[in-house]
Amino acid sequence: MYMPSKKIEVKCSTCGSKFMRPGSDVKKALLKTGICECKRCAIRRTCRRNERPLWTKRMHKGRQRMQIKTKKGWRDIHVFVVECYIGRAIERVECVHHCDGNKMNNKISNLELMLHGEHTKMHHTGSKRGKECGEKISMALIGKPNKSRLITYEKANEMRKKRIDEGSSYSQLSNIFGVSRAIVANIIKKRSYNIKD
């Protein structure tokens with residue numbers, strides 16, 4: 001039958017705090033490392049042992065991008081190279097584009113700083129959805145109302161007449177037709193649903 005060994009009070013060799021540990025565990029620790037540490041110090045020592053030094057490179061598995069360890073933590077190499085070149089951190093609206101499309105080529109001659117919107121336009125210009133993708137989207141939207149046209153042109157004209165004839169407020173019209181005040185304002189000011197008379 002297994003009998004657990006009696007816990008004894010031990011002093012941590014690193015921080016000096018006292019803690020209770022089974023005698024067999026203390027004996028194993030002293031034989032293995034020559035020191036007996038509390039749990040917190042043991043975890044810190046393990047983390048320091050596994051920690052990589054500054055300017056070490058690694059491959060981020062999920063994003064397939066090369067990263068470098070800086071004083072601020074792990075950074076994408078292409079962003080870090082551009083920031084060093086321009087002498088400032090890139091802003092939230094900016095991104096770094098690989099000119100030749102090779103994400104492993106992080107030379108400054110291959111990198112271009114641009115706005116996110118420009119970058120998206122560049123990558124999606126001329127691209128079209130495949131037939132299967134289009135069919136999936138249309139199948140998902142069948143039976144759902146078109147959000148861009150919440151009301152018909154007839155209802156929009158009726159709304160304008162109520163505003164002119166009865167002097168109804170935007171709030172009253174939004175309650176009657178079941179749309180927001182912003183949509184009512186756009187219709188009344190003829191920003192939307194504008195029909196040439």
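Thresholds applied
- Numbering of residues starts from 1 in every chain and runs along the sequence as written.
- Where local features are concerned, this predicted model is filtered to residues with pLDDT of at least 70; where side-chain atom pairs are given and counted, the filter is 80 or more; whole-chain, interface and lining totals use all residues.
- Each side-chain value is worked out from all heavy atoms of the structure, with water and hydrogens disregarded.
- Secondary structure elements are taken from DSSP: a helix is a run of H or I of four residues or more, a strand is a run of E of two residues or more, and numbering for both begins at the N terminus.
- In this analysis, two residues are considered to be in contact whenever any of their non-hydrogen atoms come within 4.5 Å of each other.
- Centre distance within 6.5 Å is the pairing criterion for rings of Phe, Tyr and Trp, where only the six-membered ring of Trp is used; planes under 30 degrees apart are then read as stacked, over 60 as edge-to-face, and the remainder as tilted.
- Here, a salt bridge means any side-chain nitrogen of Lys or Arg that lies within 4 Å of a carboxyl oxygen of Asp or Glu.
- Per-residue accessibility, obtained with a 1.4 Å probe over protein chains only, is compared with the maximum for each type, and a residue is labelled buried under 20%, exposed over 50%, and partly exposed between these values.

Participant: So what exactly am I meant to see when it comes to the environment of Arg58 here?
Facilitator: Following the sequence through the fold, Arg58 ends up in strand 3 (residues 57-60). Residues Arg58 and Asp76, 18 residues apart in the sequence, show an inter-C-alpha distance of 9.6 Å. Discounting chain neighbours no more than four positions away, the residues touching Arg58 are Arg52, Arg65, Met66, Gln67 and Trp74.

Participant: Mind showing me how you'd approach the packing of aromatic side chains here?
Facilitator: Two aromatic rings, taken as a pair, are described by how far apart their centres are and by the angle between their planes. Under the defined criterion, the tally for this structure stands at 1 aromatic pair. Taken together, a centroid distance of 5.9 Å and an interplanar angle of 40° make the contact between Trp55 and Phe80 tilted. In this pair, Trp55 is assigned in the loop between helix 2 (39-50) and strand 3 and Phe80 in helix 3 (residues 77-86), connecting sequence segments 25 residues apart.

Participant: Would you explain the pattern of salt bridges in this entry?
Facilitator: Between side chains of opposite charge, a pair can form as their charged atoms come close. This model, assessed by the stated rule, comprises 4 salt bridges. Between Arg45 and Glu37 there is a salt bridge, with the nearest N and O atoms lying 2.7 Å from each other. Assessed through its relative accessible area of 28%, Arg45 is described here as partly exposed. Among the residues examined, Glu37 registers a relative accessible area of 10% and is labelled buried. Of the charged contacts in the structure, one is a salt bridge between Glu94 and Arg88, with a shortest N-O distance of 3.2 Å. The class of Arg88 is partly exposed, set by a relative accessible area of 35%.

These values are about where atoms sit, not about what they do.
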